[in-house]
Amino acid sequence: MAEPFLSLDGVSKTYGETVAVTDIDLSIQRGEFVVLLGPSGSGKTTLLSVLGGFVEPTGGRVLLDGEDVTHLSPARRPTATVFQDYALFPHMSVLGNVAFGLAMRKVPAEERRRRAEAMLERVGLTGFGRRRIHELSGGQRQRVALARAIAVEPKLLLLDEPLGALDLALRRQMQEELVRLQKQLGTTFVHVTHDQEEAMSIADRVVVMNHGRIEDEGPPDRVYLKPATLFAATFMGESNILSGTVRQRLEEGVLVDTALGALPVAATADPGERVSLSLRPEHIALERPPAEAIGLGQATLGEMVFQGTHLRLRAQTDSGLELLLRAPAGVALAPGMRVPLHAEAKRIVLLRSPA
Ligand code: ADP
Ligand code: MG
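Being a predicted model, the structure only gives us computed values, none of them experimental. For every chain, the first residue of the written sequence is number 1, and numbering continues from 1 onward in sequence order. Each chain takes a letter, starting from A, and each ligand takes a number, starting from 1, following the order in which they are written. Side-chain atom pairs in this predicted model are given and counted only at pLDDT of 80 or more, local residue features only at pLDDT of at least 70, and totals for whole chains, interfaces and linings cover all residues. Water and hydrogen atoms were dropped before computing side-chain values, which therefore reflect all heavy atoms in the structure.

Peer 1: Looking at this structure, I do not really get the overall build of the protein. What am I missing?
Peer 2: Counting secondary structure elements, the protein contains 8 helices and 20 strands. For the protein, the C-alpha atoms occupy an extent of roughly 75 × 45 × 40 Å along the three principal directions. When the 355 residues of the protein are sorted by exposure, 48% land in the buried category. Of all intrachain contacts in the protein linking residues separated by at least 6 positions in sequence, the fraction that spans at least 24 positions is 65%. Of the charged side chains in the protein, 40 are positive and 43 negative; the average position of the first set lies 6 Å away from that of the second. Secondary structure elements are taken from DSSP: a helix is a run of H or I of four residues or more, a strand is a run of E of two residues or more, and numbering for both begins at the N terminus. Only protein chains enter the accessibility calculation, which uses a 1.4 Å probe. A residue is then buried if its area is under 20% of the maximum for its type, exposed if over 50%, and partly exposed in between. Residues are treated as being in contact if the distance between any of their heavy atoms lies within 4.5 Å. The charged-residue count follows a simple rule in which Lys and Arg add positive charge and Asp and Glu add negative charge, with His and chain termini not counted at all. By convention, charge coordinates are those of NZ in Lys, CZ in Arg, CG in Asp, or CD in Glu.

As structure tokens, this is what we get:
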């Protein structure tokens, strides 16, 4: 395999007693769109700042394009950052903002103007060059920050929750535009968000973070369908978590005793081991069982919420568990109804950590 474009090797950062990130190992290939996903305080900004050179790690190394950049200042790295609050210069025009990094790199004035205008065109702001920052909407400011960052043609673009301040419709539009831009430029992007839907829709690879550590990393569909840890299963979308004990090995997989009965799971584990099982709401069938389904017993439907494309509902199983379920919008279901529940064995994920 080719040398990774970027590698983090045992990176840690502590602030006094606070451990912001700890022992992070991560490799990124050239041209990848990587998303760091995690709750507030999980260390995303710290890790991004280590990549950008704004924070010096207390341990470990950062290798970028074959060079050890661990102790290099931001200006000496081939990186650019779009900050969470955009950090635009209010006293400069839009064009001045976008051309700023080029001026720092001593690009001649005429070329600066030409390149800055080309960047404005790329982000859909042709003709906005003479405006002041306060004359722009939030979405336009976001685009200026992006244009300013890509104007210097970085090898690595770092984005810290760049869409956090935008309304939902604009956020979705910008997600698509970011992906398109990234593919056109071929630049490696590392993008931070706490929004799992955003992560899934834009990432080539998601890195799930919690308490300064990586819980899971991989393509969004793999992380969603086969999360590596309990945290990844519950943070990347909703899930039902069942605790269980491995009863025995099967020809393929293991049989796990749970409150919903003995469930076969495709995984390796030792008899007697205490485990958690994750089962997504949309993978539990109500009423009509899928082929080769396993019965999960009867349940009584509770609270339901219409969510446009589907119903999100709670159910109490006869065995005393509360489950989260999903049903297509428009099905005839009502609170108090009794339904049989089924799932396919291949949808049940075994997680090592007990709940
Ligand atoms: P995130 O971006 O995921 O919300 P951060 O990287 O900002 O997380 O923070 C990770 C942890 O490090 C938090 O506990 C935070 O309080 C702490 N932290 C971040 N920056 C500083 C700082 N400059 N001084 C002290 N503690 C900090
Ligand atoms: Mg942050």
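Still more ground to cover, so stick around.
Peer 1: Which parts of the structure should I look at to understand the pattern of salt bridges?
Peer 2: Side chains that differ in charge, positive against negative, can pair when their charged atoms come close. For this analysis, a salt bridge means a side-chain nitrogen from Lys or Arg found within 4 Å of a carboxyl oxygen belonging to Asp or Glu. Under the counting rule described, the total for this entry stands at 22 salt bridges. The shortest N-O distance in the salt bridge between Glu-177 and Arg-143 comes to 3.0 Å. Residue Glu-177 is located in helix H5 (residues 168-185), and its partner Arg-143 is located in helix H4 (residues 138-151); the two are separated by 34 residues in the primary sequence. Residue class for Glu-177 comes out partly exposed when judged on its relative accessible area of 22%. One salt bridge in this structure joins Arg-338 and Asp-318, with 2.8 Å as the shortest N-O distance. Taken together, the residues Arg-338 in strand S19 (residues 338-344) and Asp-318 in the loop between strand S17 (310-317) and strand S18 (322-328) connect sequence positions 20 residues apart.

Peer 1: Mind showing me how you'd approach the sheet that holds strand S4 (residues 59-64) here?
Peer 2: Within a sheet, adjacent strands bond to each other through the backbone by hydrogen bonds, running parallel or antiparallel. DSSP bridges decide pairing: two strands pair if at least two such bridges lie between them. In space, the 4 strands of this open sheet follow the order S2-S1-S4-S5, with antiparallel pairing throughout. Two strands bound the open sheet, and with one partner strand each, they are strand S2 (18-28) and strand S5 (67-68). When strand S1 (residues 6-15) meets S2, the two strands line up antiparallel, connected through 7 bridges. Note on S2: the bridge partner recorded for Leu-8 is Leu-26. With respect to the sheet, helix H1 (residues 44-52) is in contact with S1, S2 and S4, its orientation differing from that of S1 by roughly 120°. Each axis is a line fitted through C-alpha atoms, and for a helix only the stretch in contact is used; angles between axes span 0 to 180 degrees, taken between their N-to-C directions.

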